[in-house]
Amino acid sequence: QVDDDTILETIFEEELVTLSALPGFEAQFSLDEIWTLKPFGKLGGTYDFTRDEFIALGVVGLRTRATWPLGNRSQFIWGGGMQLAGEYQLETDVSHGFTVFETGVDYRTDTGFEVLETRVNVGVYYHFQHYTPVWDISETPIRDSEIEDLHEIGVSVGLRKPREVFGFTVERLRIGYKDGNGFEGWTFGTDFPI
């Protein structure tokens, strides 16, 4: 918790509503050269500044991904998965849970350029999420709506093979635009979200 609001006002132009941290793990099991299974879990929390309340968050799920090479320069990726998510509001003793089904596609092709002695590729992707039951966020101070379906489209740039730089593995960066049921926002990540 940050007691001095002027620090947050310096960082954020608009009023800060929530601040979240959700660290987790993901394991990858290659079934063959095309198919991969990825079980994962996350545990963390959100602090709601408008209600002065901490909310515990948890997610567990399983994703699968298939990658097909298209010649020597391109590849097509399909992903699908399911995750169980929940939250528990400590002060009000309220909990919510829902299931997220997701699928998406990602197309990547080489650019002909090299960085760190590795070919650079660019990609475009689409990611769809369906919430069951409908995720009711009308109780939150962010907006008054229910989310059932979210669509995300984005672009990425990356290296054909991962490289380690200063102890970190560098492979890909992406930016996407997410929209659905009156909700919209930008996403940033390091790989195709499935």
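Residues numbered from 1 in each chain as written. Predicted model: local features only at pLDDT ≥ 70, side-chain atom pairs only at ≥ 80, totals over all residues. Heavy atoms only, no water.

Participant: Any chance you could explain the overall build of the chain here in plain terms?
Facilitator: Looking only at helices and strands, one finds one helix and eleven strands in the chain. What you see in the chain, going N to C, is helices and strands ordered as α-β-β-β-β-β-β-β-β-β-β-β. Each of the 194 residues in the chain was classed as buried or not, and the buried ones make up 32%. By sequence separation, contacts in the chain at least 24 residues apart represent 51% of the contacts at least 6 residues apart. In the structure as shown, the chain presents an accessible area of about 12,100 Å², 58% of it carried by carbon and sulfur atoms. (Helix = DSSP H or I, 4+ residues; strand = E, 2+ residues; numbered from the N terminus. Buried < 20%, exposed > 50% of the residue type's maximum accessible area, 1.4 Å probe, protein only. Contact = heavy atoms within 4.5 Å. Areas by Shrake-Rupley, 256 points an atom, 1.4 Å probe, with all protein chains shown as cover.)

Participant: Would you mind showing me how to read the environment of H127 here?
Facilitator: On the secondary structure map, H127 appears in strand β8 (residues 118-136). The sequence separation of H127 and T103 amounts to 24 residues, and the corresponding C-alpha distance is 6.0 Å. Sequence-distant contacts of H127, defined by excluding residues within four places in its chain, comprise E102, T103, G104, L150, H151, E152, P193 and I194. At a separation of 2.8 Å, a polar atom in the side chain of H127 contacts the side chain of E102. (Polar contact = N/O pair within 3.5 Å; in protein donor to acceptor, adjacent residues only side chain to side chain.)

Participant: Would you mind showing me how to read the confidence of the model for the chain here?
Facilitator: A low pLDDT means the predicted coordinates there should not be read in detail. For the chain, the mean per-residue pLDDT works out to 84, and 86% of the residues sit at or above 70. Element-level mean pLDDT values for the chain span from 50 in helix α1 (residues 5-11) up to 96 in strand β3 (residues 29-30). (pLDDT = per-residue confidence, 0-100.)

Participant: Quick question: what am I supposed to make of the pattern of salt bridges here?
Facilitator: Side chains bearing opposite charge may pair, as long as their charged atoms lie close to each other. A complete count under the given rule lists seven salt bridges for this structure. When the shortest N-O distance is used, the salt bridge between D106 and R108 registers 2.9 Å. According to the relative accessible area criterion, D106 is buried, its value standing at 2%. When its relative accessible area of 6% is taken as the criterion, R108 is described as buried. (Salt bridge = Lys/Arg side-chain N within 4 Å of Asp/Glu carboxyl O.)

Participant: I would appreciate a short explanation of unusual backbone geometry in the present structure.
Facilitator: A negative phi angle characterises most non-glycine residues, just as the trans form characterises most peptide bonds. Although it is not a glycine, D93 adopts a positive phi angle of roughly 55°. With respect to the secondary-structure elements, D93 resides in the loop between β6 (74-89) and β7 (94-115). Owing to a relative accessible area of 55%, D93 belongs among the exposed residues under this scheme.

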